[in-house]
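A structural walkthrough
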Number of protein chains: 4
Amino acid sequence: MEHARPLPDYLVRRYHGWKATGYEKNKGWYLQLAEDGQHPRAMVVSCCDSRVHVTSIFGADQGEFFIHRNIANLIPPAETGGNHHGTSAAVEYAVTALKVSHLIVLGHSSCGGVKGCYDMCSGNAPELESKDSYVGRWMDILRPGFEKLGEGDDESRVRQLERECVVISLENLMTFPHVKSAVEAGRLSLHGLWHDIGAGDLEAYDPASGAFRPV
Amino acid sequence: MEHARPLPDYLVRRYHGWKATGYEKNKGWYLQLAEDGQHPRAMVVSCCDSRVHVTSIFGADQGEFFIHRNIANLIPPAETGGNHHGTSAAVEYAVTALKVSHLIVLGHSSCGGVKGCYDMCSGNAPELESKDSYVGRWMDILRPGFEKLGEGDDESRVRQLERECVVISLENLMTFPHVKSAVEAGRLSLHGLWHDIGAGDLEAYDPASGAFRPV
Amino acid sequence: MEHARPLPDYLVRRYHGWKATGYEKNKGWYLQLAEDGQHPRAMVVSCCDSRVHVTSIFGADQGEFFIHRNIANLIPPAETGGNHHGTSAAVEYAVTALKVSHLIVLGHSSCGGVKGCYDMCSGNAPELESKDSYVGRWMDILRPGFEKLGEGDDESRVRQLERECVVISLENLMTFPHVKSAVEAGRLSLHGLWHDIGAGDLEAYDPASGAFRPV
Amino acid sequence: MEHARPLPDYLVRRYHGWKATGYEKNKGWYLQLAEDGQHPRAMVVSCCDSRVHVTSIFGADQGEFFIHRNIANLIPPAETGGNHHGTSAAVEYAVTALKVSHLIVLGHSSCGGVKGCYDMCSGNAPELESKDSYVGRWMDILRPGFEKLGEGDDESRVRQLERECVVISLENLMTFPHVKSAVEAGRLSLHGLWHDIGAGDLEAYDPASGAFRPV
């Protein structure tokens, strides 16, 4: 594999800085984690977006959350044909091997993936309709959410779709037999959240009202 | 979606703590990120493992890294048939929409996914061979790595496979036309890393020798 | 302009070395910075002193900090008469055009400008009192700081004045309407630091106590 | 001064990382610099732009360059009326107190200050003409450069103006008596450079031809 390049110097320097401080200070914990394995209490499905740090928002340290990050924090429905299902594999591992107690889907404002889906479904992003568009085919998972949007201007409908994206992922989670049985046995609980990056707000999905409310 | 549950209190409390402190202190930055959008310099592909915090290791704050996390930090080869390719969509978005300059694959010690692949390929985990096993079918991406392993005891061979997993992901990255052309134009550089959780060490793949060396 | 001379060879050689290594390794990032523009998170006002490298201290690479360097890291008060206000222009650009989230004033030990001001105000540097002394007139900004110094020997009073210099600059920043409104809206935060060159220490101004404390 | 805020955590962590590594490794040099004072060989006048790191380009460590950074790396003409002349003070200190041997003006591509001047002089940025605009009044220094621009499209004329900005600063330097006498005595040499951020190129002003040529 001749294309790999050395790490940029600024990252090498920062790593050595962390090794001499952050690591040194928590060495015992890192050693325990290495020997004893991980025992995370929750799985979090979050977006790849660089502005969303779930560990900051929830003050979590190494070992607490099993974190899967993909575009727009989506869960596809259960489907065993096809080949490599990265998200489904992560969910399966978290629920059956790690036996996490919570599965949190964390959506957020200004999500580029949700915006792309909105534009695609509105006919304004034909390039995403191509069968060769990985982003377009991935965002197909959210199409049923677009159909459910109410009236409003584009901005408010995109914000609706960001929340719908969380609900659809929760619904898709229940199509996985191992998730469904763990939820029904009371061993796993599902949570839907939406985070406003600029305002720092956090809203939770409330199944009774079908709305998101500040936590 | 009637199955969602309220967020556990301990997370609600921690969130309010962060809002009153971490958010408050960096509010200007969050507002700028929300209005100006993200401009990450690098994409990092890391494992879902709760023990690996790439932002800690590299002293990175919100906005710096576009982070995809899946089981065993794997990149599948380019393939547009099938349905939802979450990893390929994340790579496509990072390289074509965000135009990141660096794409870093970060492997780590004690990876449960790599161990599962090793057991499966050694005939010791028949359940992972089932066509219904999402984890098994996901870890199929790493099978060619198992074939290349040298002699040794199981532990050292698993460690080899963890590094091989990084190299295979780098190789698969080059099968995506948009990655290949960005690399060849000098707009994107690929980096392979392996992190020892307990020792805190970091090794980088050196294409000249084909080995991993401490950074 | 007939007085310009060719760059000394040692700098030409070092430049070619950087071009072949540092630039080559980070080419993708430089191209992105050139095309996408700068999005710095913070402005730093630091001294011209050759011994103070703010990018080293904070592990910052190209694109992170908008850096203004003048003698003694001073901010003059807002004043629109007169002609060219370089520092005020830099602050205005950072706050209104780049919309930085942090404005950091970084003082340091052994500052020649602060020492000159101390000598001038103590009557030991009459040449700095001349109206033709650019350094003297520039250091006039710090005169109110000298008046506030407590008892002590010269060395400890100079150290006090180095810190006072940071506080006065922070106070002067608040006389600029665009700074004041950004601070009050929570879009900008001000930070005062003092760095000991020999010991490598870093202290931050704490408004509650009015003192500088190790970070 | 009640408005100061604590340094963001990510910078505190990075500082501690530097202290434990970069500082620790070079402690002897920092102690010597602190005790023996600075003896820089050159002064560099560079832009505040976050993308221009003169210490990277020239492989310079602490103690080598006395660096003044302002918007568009401008030197105003000598003028002792008015109040605080930060740039003139920095030049005076470098030439008369530190007795640097080289004074380098480093311009660069995509300079926001130069672009603002170009727009202002073209009648496309009336807000910069306001007497309250610090950036506008600062960029007035470059107005004579706009008058000298040849034919061409806007982009090529802006590029011309970036270079003209370096030449005008060199010319203004010679209006300072202490600079003029040091240059004429052969104790100081002036250098004009222009750096292309994306391509990594460096050009030097050649007084014989009046053009910039690759170094």
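Remember, predicted model here, so these are calculated numbers, not experimental data. (Residues numbered from 1 in each chain as written. Chains lettered and ligands numbered in written order. Predicted model: local features only at pLDDT ≥ 70, side-chain atom pairs only at ≥ 80, totals over all residues. Heavy atoms only, no water.)

Observations concerning the UniProt feature "binding site: Zn(2+)" (unreviewed entry) in chain A
The following threshold applies: UniProt positions are given in the numbering used here, feature names are shortened, and annotations may be inferred rather than shown by experiment. In DSSP terms, a helix is any run of H or I states spanning at least four residues, a strand is any run of E spanning at least two, and both are numbered starting from the N terminus. The contact rule is simple, with two residues in contact once any of their heavy atoms fall within 4.5 Å. Each polar contact in these results corresponds to two N or O atoms within 3.5 Å; when the atoms are within protein, one needs to be able to donate a hydrogen and the other to accept it, and residues that are neighboring in sequence are counted only if both atoms are side-chain atoms.
As annotated in UniProt, the feature "binding site: Zn(2+)" (unreviewed entry) corresponds to C47, D49, H108 and C111 of chain A in the numbering used here. Over a stretch of 65 residues, the named residues converge on one spot in the fold, their C-alpha atoms separated by at most 9.1 Å. Relative to the helices and strands, D49 of chain A is located in the loop between β1 (42–47) and α3 (54–57). Not counting residues within four places of it along the chain, the set of residues in contact with D49 of chain A comprises R69, H108 and S110 of chain A together with Q38 and F66 of chain B. A polar contact of 2.8 Å, which involves the side chain of D49 of chain A, links it to the backbone nitrogen of R51 of chain A. Among the secondary structure elements, C111 of chain A is positioned in the loop between β3 (102–108) and α5 (112–121). Discounting chain neighbours no more than four positions away, the residues touching C111 of chain A are C47, A72 and E162 of chain A.

Concerning unusual backbone geometry
Residue and element names in this part refer to chain C. Non-glycine residue A72 carries a positive phi angle of around 70°. Structurally, the position occupied by A72 is in the loop between β2 (65–70) and α4 (86–97). Unlike most non-glycine residues, N73 shows phi in positive territory, near 45°. Secondary-structure assignment places N73 in the loop between β2 and α4.

Observations regarding the domain arrangement of chain A
Residue and element names in this part refer to chain A. For the record, the criterion: These domain boundaries are the output of an automatic or database domain assignment. Note on definitions: buried area is the accessible-area loss of two parts on being combined, 1.4 Å probe, summed for both. Within this document, salt bridges are pairs made up of a side-chain nitrogen of Lys or Arg and a carboxyl oxygen of Asp or Glu, the two lying within 4 Å of each other. In this classification, Asp, Glu, Lys and Arg are treated as charged, Ala, Val, Leu, Ile, Met, Phe, Trp, Tyr, Cys and Pro as nonpolar, and every other residue, Gly included, as polar.
In terms of domains, chain A is made up of domain 1 (1–37) and domain 2 (38–214). Taking the mean C-alpha position of each, domain 1 and domain 2 sit 30 Å from one another. With five residues of domain 1 at the interface, the matching set in domain 2 holds five residues. Each partner contributes to the roughly 430 Å² buried at the junction of domain 1 and domain 2, and carbon and sulfur atoms together form 52% of this total. Of all residues in domain 1, W29, Y30 and G37 bury the most surface against domain 2, accounting for 64% of the area lost on that side. Across the contact surface, domain 1 and domain 2 share zero salt bridges. Here domain 1 is connected to domain 2 by three residue pairs in polar contact (both at pLDDT 80 or more). A class-by-class count of the residues in the side of domain 1 that touches domain 2 yields three nonpolar, one polar and one charged.

A look at the relation of the copies chain D and chain C
Selection criterion: Superposition of the copies was done by least squares, using only C-alpha atoms of residues whose pLDDT is at least 70 in both.
You can overlay chain D on chain C at an RMSD of 0.1 Å; the transform is a turn of 180° with a shift of 0.0 Å along its axis. Here the symmetry operator amounts to a two-fold rotation axis. A share of 99% of interface residues in chain D that are also interface residues in chain C marks the association as one of identical surfaces.

Brief notes about α5 of chain A
Residue and element names in this part refer to chain A. Definition in use: Exposure categories follow from relative accessible area, calculated using a 1.4 Å probe and restricted to protein chains: below 20% of the type maximum is buried, above 50% is exposed, and the middle band is partly exposed.
Extensive coverage of α5 is indicated by the burial of eight of its ten residues. Along α5, the residues classified as buried are G113, V114, G116, C117, Y118, D119, M120 and C121. For α5, the elements touching its buried residues are α6 (134–139), α7 (143–147) and α8 (154–173). Phi turns positive, to about 85°, at G123, one or two residues after α5.

Topic: the interface of chain D and chain A
At the junction of the two partners, chain D supplies five residues and chain A supplies five residues. Taking both partners together, chain D and chain A bury about 370 Å²; carbon and sulfur atoms supply 67% of that area. Counting every contact that joins chain D to chain A gives zero salt bridges. Linking chain D to chain A there are zero residue pairs in polar contact (both at pLDDT 80 or more). Grouping the amino acids of the side of chain D that touches chain A by side-chain chemistry returns one nonpolar, three polar and one charged.

Let's talk about the packing of aromatic side chains
Selection rule: Pairs were defined over the aromatic rings of Phe, Tyr and Trp, the Trp ring being its six-membered one, requiring ring centres within 6.5 Å. Orientation was assigned from the angle between planes: stacked under 30 degrees, edge-to-face over 60, tilted for the rest.
This structure, assessed with the given rule, holds 36 aromatic pairs over all chains. Ring geometry for W18 of chain B and Y30 of chain B: centres 5.9 Å apart, planes at 70°, overall edge-to-face. In this pair, W18 of chain B is assigned in helix α1 (residues 9–25) and Y30 of chain B in helix α2 (residues 27–36), connecting sequence segments twelve residues apart. On the accessibility criterion, W18 of chain B (7% relative accessible area) is buried. Overall, the relative accessible area of 5% leaves Y30 of chain B in the buried class. Look at W18 of chain C and Y23 of chain C: their rings are 5.7 Å apart centre to centre, the planes differ by 55°, and that puts the pair in the tilted class. Like W18 of chain C, the residue Y23 of chain C is buried in the burial classification. The rings of Y15, W18, Y23 and Y30 of chain A are connected pair by pair, giving a single aromatic cluster.

Let's talk about the pattern of salt bridges
Scanning the model with the defined rule gives 61 salt bridges over all chains in all. One salt bridge connects K131 of chain D with D132 of chain D, and the closest N-O pair in it is separated by 3.2 Å. K131 of chain D sits in the exposed class, given a relative accessible area of 62%. A salt bridge links D196 of chain D to R159 of chain D, with the shortest nitrogen-to-oxygen separation between them at 3.2 Å. In this pair, D196 of chain D is assigned in the loop between β4 (189–195) and β5 (202–206) and R159 of chain D in helix α8 (residues 154–173), connecting sequence segments 37 residues apart. Here D196 of chain D falls in the buried class, since its relative accessible area comes to 13%. Within the structure, one salt-bridge network assembled from shared partners comprises R14 of chain A, E64 of chain B, E64 of chain C together with R14 of chain D.

Some points on the interface of chain D and chain C
Residue-level contacts link 95 residues of chain D with 94 residues of chain C. For the pairing of chain D and chain C, the buried interface totals around 8,500 Å² over both sides, and the portion due to carbon and sulfur atoms is 62%. Taken as a group, M1, H84 and Y134 of chain D account for 11% of the area that chain D buries against chain C, more than any other trio of residues on that side. On inspection of chain D and its partner chain C, the count reaches four salt bridges. Between R14 of chain D and E64 of chain C there is a salt bridge, with the nearest N and O atoms lying 3.0 Å from each other.

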